[in-house]
Amino acid sequence: MQQILQIITKPDNIPIVLLLVSVIFFSWFAWTKGRKNDAQEVPDEATMDDKVQVWPYLVRVEFLATIAVMAVLVLWSVFLDAPLEEPANRALTPNPSKAPWYFLGLQELLVYFDPWIAGVVLPTLIIVGLMAIPYIDINEKGNGYYTFRHRKFAILTFSFGFLILWVALIVLGTFMRGPGWNFFWPWEKWDPHYVAVLTNVDLSEMFGIPTRLPDNSINPASFMFGAVLVLGYYTIGPAYWIWKRNTDLMKKLGLVRYAIISFLLLSMGGVVIKIILRLVPTAFGINPVKYVWVTPWFNI
Amino acid sequence: MALMEKFKKSEFYKSIFRHSYQDTQRNRALQIVDNVFLHLHPVRVPRHATNIGFTWGMGGITFLLFLVLTITGVILMFYYRPTAQFAYEDMKYLMNDVPFGPLMRNMHRWAAHAMVLTVMLHMFRVFLTGSYKPPRQFNWMVGVILLVLTLLLSFSGYLLPWDQLAIWAVTVGTNMARATPLLGHEGPFGPELGMRINNDVRFVLLGGTEVGPPTLLRFYVGHCIFLPLIAAIFMAVHFWRVRKDGGISGPESRKNF
Ligand code: HEM
């Protein structure tokens, strides 16, 4: 317990506590507003469409918000000093070494993926995927008011990505990853000598196909096994298209939009699957999965 | 009082204040239009746009924090030299001997963290109100760029104190660049394309094979000049677009329901 208090009260971790609290509050807040609107014929926002003058009705809100924010910021800065540790020393690696808090979700992904995926491909997909949202979400409803009923799929997908894959992983990476990036429950003490008992194995090995041949080259059978799984997983997209291509929704989406959506969704799903493959076996005392697909050039 | 009245009629006063302060519709409008800062706003907005429950004020607060960061950041620059020899010493000096030094540094640090937080919440709100839908698709894209710039600004600033926290956080963060496909020396197809530790994308980022003095200078220039400038430009576009797209989003009118 002392451990968790110590981490939470580290000045640089205050933002994560704020993040957690505010995200929960705003999710609840938006949900309440959305459900209220959903129960009404006309959303609240639409009944507030009469015009008011910016001076004073908007400017005063901005003015008060500015004062409030500045007051909080000054108090925060008076009572809590920004950290300044020992001078930089390349010879002394802290354990655990952590990136700034907002990157800890990505650092946590390093547990499940090689750096080229966790550190480069996934961030790129996040940025590209975010930018694509307005162009792939062709639902005209729900523009400019809180609702759930009119855009269930969009809201559930985005909230899952933001609340679970971004925020929850940041919290996990900050509060529950100790020395050696080992997992510790909040009530456990971070033991620098802790050694994980389980060793990671490749998925093909779980099915009795060794990843490498005795001469240490990659076993073609294992290679094929992974290729079929990974590429097969991504063919769910085209397969679903072929099955549903004549529905109204698919016709409205068009092939290009559909291809982008299915690729992004499957990639997001893939992250979740890999996390499950790693965490769930561990919980049952079985060796967790390291790679699904091992190739001479990259591993997934 | 009579003197004040006289002053208000003078050429000097009138050259500064273009209208009286009497509470009339017209003066309220002029108050916005005649002010370079306030004229970012329209004169009138739909009532729900002034409702903090709708916008959560998060875009505005993000901008406020950016302004605070600019001002405190410039003050910090007077006391800070971006070299491995002086950077840490300057921080110590700032924290111990400069009047209001700790306050300036703390405000800069906490406002930076807060800005990362508020920009995420702003995005969350914009998503939940569906405000990226037509005609605001492009402004959402500008927003995503601002989000990335905010993270980069915060990350590049993290290195500057040149303490253990700084170099290791940045070491961890930039280590990923080794593994960039094609462009990193440990990334898929990187070695095949001739990437080595001393010529890949991470090397360019760090100005060396590890986080060292050249990295400090690179991050300093990026943090104090390049990134804020780019961010300011994108913010200008962002705000201009909010106006051009018809102001804060809303359900066009109740007739649509
Ligand atoms: C430095 C970062 C940013 C600043 C300073 C900023 C500022 C603002 C401000 C002041 C507004 C007016 C309404 C409000 O306060 O909510 C606004 C609206 C908007 N922002 Fe941002 N923003 C930033 C980042 C973002 C991001 C990350 C996104 C989305 C990915 C985004 C998308 C939008 C959109 C679509 C609107 C129009 C919303 C509407 O009409 O309801 N912005 N922004």
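These numbers come from a predicted model, not from an experiment.

A.B. asks: In this structure, what is going on with the nonpolar core? I would like to understand it.
C.D. replies: By size, the foremost hydrophobic cluster in this structure holds 89 residues, and its most contacted members are A:L109, A:F158, B:M120, B:F127, B:W140 and B:L159. The biggest single contributor to this core is helix α8 (residues 152-175) of chain A, with twelve residues. Leaving out residues up to four positions away in the same chain, A:L109 has contacts with A:A118, A:L122, A:L169, A:V271 and A:I275. In this structure, A:W76, B:V68, B:V142 and B:A231 belong to the second largest nonpolar core, which totals 23 residues.

A.B. asks: What should I look at first to understand the coordination of the iron atom of the ligand in this one?
C.D. replies: By definition of the ideal shapes, four donors in a tetrahedron about a metal sit 109.5 degrees apart, and six donors in an octahedron sit 90 or 180 degrees apart. All names here are of chain B. Note on the iron atom of the ligand: its protein donors are H122 (NE2) and H238 (NE2). The metal-donor distances range over 2.0 to 2.1 Å. Coordination at the iron atom of the ligand comes from six donor atoms whose angles at the metal span 86 to 179°, giving a geometry best classed as octahedral. In this pair, H122 sits in helix α7 (residues 101-128) while H238 sits in helix α11 (residues 213-244), placing the two residues 116 residues apart along the sequence. By the burial criterion, H122 is buried, and H238 matches it.

A.B. asks: Mind showing me how you'd approach the environment of B:K14 here?
C.D. replies: All names here are of chain B. On the secondary structure map, K14 appears in helix α2 (residues 11-16). Sequence separation between K14 and W56 is 42 residues, and the spatial gap between their C-alpha atoms is 38 Å. Those residues in contact with K14, other than ones at most four positions away along the chain, are K8 and K9.

A.B. asks: Explain the pattern of salt bridges here, please?
C.D. replies: Opposite charge on two side chains allows them to pair when their charged atoms are near. Applying the stated criterion across every chain yields a total of eleven salt bridges over all chains. When the shortest N-O distance is used, the salt bridge between A:D44 and A:K36 registers 2.7 Å. A relative accessible area of 45% means that A:K36 is categorised as partly exposed. With a closest N to O distance of 3.6 Å, B:R178 and B:E186 form a salt bridge.

A.B. asks: How should I be thinking about a positive patch on the surface in this particular structure?
C.D. replies: Residues and elements named next belong to chain A. Side chains of K141, R149, K152 and K252 sit close together on the surface and give a patch of like positive charge. Looking at where K152 falls in the secondary structure, it is placed in helix α8. Assessed through its relative accessible area of 44%, K152 is described here as partly exposed.

Here is what the cut-offs are and how they apply
- Residues numbered from 1 in each chain as written.
- Chains lettered and ligands numbered in written order.
- Predicted model: local features only at pLDDT ≥ 70, side-chain atom pairs only at ≥ 80, totals over all residues.
- Heavy atoms only, no water.
- Core = buried A, V, L, I, M, F, W, Y, C linked by side-chain atoms within 4.5 Å.
- Buried < 20%, exposed > 50% of the residue type's maximum accessible area, 1.4 Å probe, protein only.
- Helix = DSSP H or I, 4+ residues; strand = E, 2+ residues; numbered from the N terminus.
- Contact = heavy atoms within 4.5 Å.
- Donors = N, O, S within 2.8 Å, 3.2 Å for Na, K, Ca; no water.
- Tetrahedral: all angles 85-135°; square planar, octahedral: opposite > 155°, others 65-115°.
- Salt bridge = Lys/Arg side-chain N within 4 Å of Asp/Glu carboxyl O.
- Patch = residues over 30% accessible without salt bridge, like charges linked within 9 Å, V, L, I, M, F, W, Y side chains within 5 Å.
- Areas by Shrake-Rupley, 256 points an atom, 1.4 Å probe, with all protein chains shown as cover.
- Lys, Arg positive; Asp, Glu negative; His and termini not counted.
- Charge placed at Lys NZ, Arg CZ, Asp CG, Glu CD.

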